[in-house]
Each structure stands twice: as structure tokens, then as C-alpha cells.
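Architecture and fold: a report
The primary structure of each chain is shown beneath.
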Amino acid sequence: MLAATALVLSACGDDGDGGDDEPQGSDESPTVEPKGDGTLTFGTLLPATGDLAFLGPPEFAGVTLAVEDINAAGGVLDQDVVQVKGDSGDGTPDIAGAQVDKLLAADSDVIVGAASSGVSITVIDKITGAGAVQFSPANTAAGFDTDEIDPNRLYFRTAPSDYLQGEVLANEVIEDGFDNVAIMARQDFYGEGLAERTRDVLEEKGATVGEFLLYNKDATTFTAEINKVAAAEPDAIVLVTFAEITTIIPQLIAKGLGPEDVQLYFVDGNLSNYPDEDFNLDGVKGTAPTSATPDPEFEARLFETPPMGPDDAVLYGPESYDAVIISALAAIAAGDDSGEAIGANIVDVTREGTKCTTFEECKTLLEDGEDIDYDGKSGQADMTDTGSLAAGTYGIYEYSGGENAYEQIDTVSGVVPQSE
């Protein structure tokens, strides 16, 4: 059994009160002519290529399983739902914009993705401006929780904000006994926010951040940055990176800053198995979102679903599944498969109703006129009014066994603090 540690954190700026919104299934709701075409279409803007391609298999598999489960239960509005696949890449080169055009041309009502916060921020206006929902299973940048980012109110995510991950990570560093920390992070929408939050919490708790470095996300060598880290003589290093970690680790080792010398910490952007690398990550720790209630049967189904392979992790697979299920339930609640109608009902189907945990169960409740509160494979799905999770759960992971594979050693749950 994994230990569960509860964080006592300040509450997000939403107390779960739905305000004056009409409940799902209310007889008082006015009759509105549906704007959709009758078929709920999911486009997937997920990483088949690029630095986050290791996240692609569980995310694609999660979407596929959700579509299968929805259609096995009778579909949405008496029609099977449809999936159209696209590749988000990682922003270098930028292929996401053209892929969004393809997905919108295929009448996608909901676009699931991107995985990268930096990619999502480049296409959010194109997606939501076209009246489609953008629903990311993996965006964690705290900056998404503002009206300025999405004035159309059609952006949602099933991954908790990095405002919580930064707190979880900093707390782990402090609890491990380190007080002179260096932080090295990619300079983008994701990296800067997570690194800054981690730094701020570390300093609030009395640690010294001896070096705080942001590097160009397109860099291929990191000599200057690692020299500065070495000069700070840290006892722990936080690395907020993507796949460039495979270049950074050998350079750290060469400077006497490898896993055998200094405690290293990874994050969700680089927490992956690295069986083909010739360095040894034993002892490295990391944080990433996880389910508060893991479902072994669901995870087994993920591994049976292409493109999952034996070396893949389940990271963001449950979140991808839930993004699709929530969207389908919102369409049923609205009686309309258009993006605007789905977006207007997504938050409502995640809170303040009768608890349900499967599409079939929730669908039956909605069709009986009941208000629902869906909790899914990634855990409690209650959303704030900005379309982000009100609470989240993180796994604490550690590499061991000499094969560059990690395992979960702890679980931390907490309310997502309100970003400043």
C-alpha cells in the first residue's frame, strides 16, 4: 500500500457552488434548437512525434478506450461517436496549427490535446475561436486559469495545475533534507511557471535556491548552464525538462552532478522509462499526476490498446479517457453535440450531483433527468469555473533497479491553490 499524504493548501477561487446556473436535466431549462450535426466527433491533438512522444501511447489509448466504451453503451444522442487523429508534435517544428485545421475540417466538436502546455497556448484561439472545445489531458501550466487565455470559455483540462505540482515537488525536496537547491528549466509556458512555483515554495520553507536557470527550449547543448549549476555546489537539482533530459544527464555526470553525486528531481515532462540510455538514474525522484484511486483493470486495458507498448507508462492515459467521457456526458446533458453546447455543460457534469463513475451509469442518470457528478479513471473530476481541476493527486516516483525504470513510492493529494 502506498502512503497517502494530504496537503493542507489554500483553496482555489471556486468553492464548488454552481451559483445560479440551471442544473443538468432541469425541467425549467428553455428549449433550444441543437446546433450540432448529430455526430459527436473527437479530434486528438496528441504527441505522436516530438519530445513528448513518450506521452502519446497512453493518451491515444485512453481516447480510444473511451470512444469504445461510449459506443458500447449506445453512443451519444443515439449516434456512435467518432475519433479523428492528429499529431501535436512538440512545437519544434510547429505542426500543431496545420493539424488543428485538419481536425476542424473533419468537423471535430472536441479536440483532445495538446499534451504540451506550450503547444496548446499556440492553438487555443484557433480551436475555441472556431466554436470547438479544447480539452487537454496533460496541460499543467498555471497560466491557463485566466479569462484572458480563453475568453471563449471552451478550454478545459483533466490534469491539475502546476501551482500544485510545484508545491508537491518543493515539499518533497524539503522533506528529503535538502536546503541548497539548483533549478534548471526549459524557458516556455510550462517550464517557467513550474520552475518559478517550485522556487517560491522552496524559499518560503527556508531553502536556498542557489541557481535558477532558464534555457532555450530548442537548445542542444547545455554547457554554460551546467557550469553555473556546478558553481552553486547544490545538494539537490530540480530539472524541469522534456526529452532533452537525455542530453543533460550525461553532461551533469561529467561535472560530478549525476545521480550518484547529487539528488536529482524530475517532473511530469521528463518522467519516463529510459531503457536504451547508458547512464544510470537510480535514486532520481520525480513527480507527476496520478489517480487517487488507481484502477488495475483499466490500466491492463490501456496496455492492450495500440499504440501502447510494454515499456510505456500509463501517465495521462486515465486523464485522456476522462476528457472524452466528460465531453460526451456534457453533450448528453445539453442535448446537443456542438462545441459551444458541450463547453457550457462540462463543469456541471463534474460536480454537485449524483455520483457516478462510468459513462453508462452517468448516461442513464442524465437521461432520467438527474444532475450528475462524474468521477473517473483519473480520480475526482470536480472542476472550477475556469475549467481546471479543483483538487489533484500526485505520485512521488523513484528510479531503481539499474534499468532506468521508475516506480511510485508515495501519493500526495491536495486542493489546487489559487495562482497569483
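These figures come from a predicted structure and were not determined experimentally.

1. Considerations on the nonpolar core
Of all hydrophobic cores here, the largest spans 53 residues; its most connected members are Ile237, Leu239, Ile248, Ile249, Leu252 and Phe266. For Leu239, the residues in contact, after removing those within four places along its chain, are Met184, Ile245, Ile248, Ile249, Leu252, Leu264, Tyr265, Phe266, Val267 and Asn270. Within the second largest apolar cluster, 46 residues are counted, among which are Val76, Val81, Val324 and Leu366.

2. Looking at a negative patch on the surface
Taken together, Asp78, Glu367, Asp368 and Glu370 make up a surface patch of like negative charges. With respect to the helices and strands, the residue Asp78 is situated in the loop between helix H1 (56-72) and strand S3 (82-87).

3. Overview of the pairing of strand S8 (residues 208-215)
As paired strands, strand S7 (residues 180-186) and S8 are joined by seven bridges and run parallel to one another. Paired with Arg186 across the strands is Tyr215, a residue of S8. The parallel pair S7 and S8 is bridged by helix H5 (residues 189-204), and the resulting crossover is right-handed.

4. Brief notes about the state of the cysteines
Two cysteines joined by a covalent bond between their sulfur atoms form a disulfide. The tally for this structure, following the rule as stated, stands at one disulfide. Between the sulfur atoms of Cys356 and its disulfide mate Cys362 the distance is 2.1 Å. Taking the torsion about the S-S bond as the criterion, the Cys356 to Cys362 disulfide, at about 110°, is right-handed. You can call Cys356 buried: its relative accessible area is 2%.

5. Digging into H5
The end-to-end C-alpha distance of H5, which contains 16 residues, comes to 23 Å, matching closely the 22 Å that a straight helix rising 1.5 Å per residue would cover. Listed in full, the buried residues belonging to H5 are Tyr190, Gly191, Leu194, Ala195, Arg197, Thr198, Val201 and Leu202. Projected onto a plane normal to the axis of H5, the buried residues spread over an arc of 165° and lie on a single side. Buried residues in H5 make contact with helix H3 (117-129), helix H4 (162-175), S7, S8 and strand S9 (236-240). After H5 finishes, the residue Gly206 shows a positive phi value of roughly 100°.

6. What to know about the packing of aromatic side chains
If you walk through the whole model with that rule in mind, you get 10 aromatic pairs. Judged by centre distance (5.9 Å) and plane angle (45°), the ring pair of Phe135 and Phe156 falls under tilted. With Phe135 in strand S5 (residues 133-136) and Phe156 in strand S6 (residues 155-157), the pair connects residues that are 21 residues apart, well separated along the chain. Comparing Phe135 with Phe156, the two get one shared label, buried. Taken together, the aromatic side chains of Phe266, Tyr397, Tyr399 and Tyr406 make up a single cluster linked through ring pairs. The ring of Phe242 has Arg186 sitting right over it, with the charged end atom 3.9 Å from the ring centre. Between the NZ or CZ atom of Arg197 and the centre of the ring of Tyr163, over which it lies, the distance is 3.8 Å.

7. With respect to the pattern of salt bridges
Going through the model one piece at a time under the given rule, you end up with 15 salt bridges. One network of salt bridges, in which partners are shared, links Glu172, Asp176 and Lys285.

8. Side note on the sheet that holds S5
Reading across from one edge, S3-S2-S4-S5-S6 is the order of the five strands in this open sheet, with parallel pairing throughout. A strand with exactly one partner marks an edge of an open sheet, and here the two such strands are S3 and S6. Averaged over all pairs of adjacent strands, the angle between their axes in this sheet comes to 20°, without regard to strand direction. Across six bridges, strand S2 (residues 41-46) lies against S3 in parallel orientation. In the strand pairing of S3, Leu46 is matched with Asp87.

9. Some words on the side chain of Glu319
Note on placement: Glu319 falls in helix H9 (residues 317-334). At 3.4 Å, the side chain of Glu319 and the backbone nitrogen of Tyr316 are in polar contact. When residues no more than four places from it in sequence are discounted, the contact partners of Glu319 are Pro137, Thr158, Pro289 and Ser378.

10. Section: the sheet that holds strand S13 (residues 372-376)
If you walk across this open sheet you meet the three strands as S12-S13-S14, and the pairing is mixed. On the outer flanks of this sheet lie strand S12 (354-356) and strand S14 (379-380), each paired with one strand and no other. As paired strands, S13 and S14 are joined by two bridges and run antiparallel to one another. Counted as the bridge partner of Gly376 is Gly379 from S14. Strands in contact with H9 are S13 and S14; relative to S13, the strand with the most contacts, it is inclined by about 165°. Taken strand by strand, helix H11 (residues 359-367) contacts S12 and S13, and its axis lies near 150° from that of S12.

Conventions and cut-offs
Residues numbered from 1 in each chain as written. Predicted model: local features only at pLDDT ≥ 70, side-chain atom pairs only at ≥ 80, totals over all residues. Heavy atoms only, no water. Core = buried A, V, L, I, M, F, W, Y, C linked by side-chain atoms within 4.5 Å. Buried < 20%, exposed > 50% of the residue type's maximum accessible area, 1.4 Å probe, protein only. Contact = heavy atoms within 4.5 Å. Patch = residues over 30% accessible without salt bridge, like charges linked within 9 Å, V, L, I, M, F, W, Y side chains within 5 Å. Areas by Shrake-Rupley, 256 points an atom, 1.4 Å probe, with all protein chains shown as cover. Salt bridge = Lys/Arg side-chain N within 4 Å of Asp/Glu carboxyl O. Lys, Arg positive; Asp, Glu negative; His and termini not counted. Charge placed at Lys NZ, Arg CZ, Asp CG, Glu CD. Helix = DSSP H or I, 4+ residues; strand = E, 2+ residues; numbered from the N terminus. Pairing = 2+ DSSP bridges. Right-handed = clockwise from strand over helix to strand, strands pointing away. Disulfide = S-S within 2.5 Å. Expected span 1.5 Å × (residues − 1). Arc of directions from axis to C-beta. Phe/Tyr/Trp six-rings, centres within 6.5 Å; stacked < 30°, edge-to-face > 60°. Lys NZ or Arg CZ within 6 Å of the ring centre and 35° of its normal. Axes fitted to C-alpha atoms, helices over the stretch in contact; angles between N-to-C directions. Polar contact = N/O pair within 3.5 Å; in protein donor to acceptor, adjacent residues only side chain to side chain.

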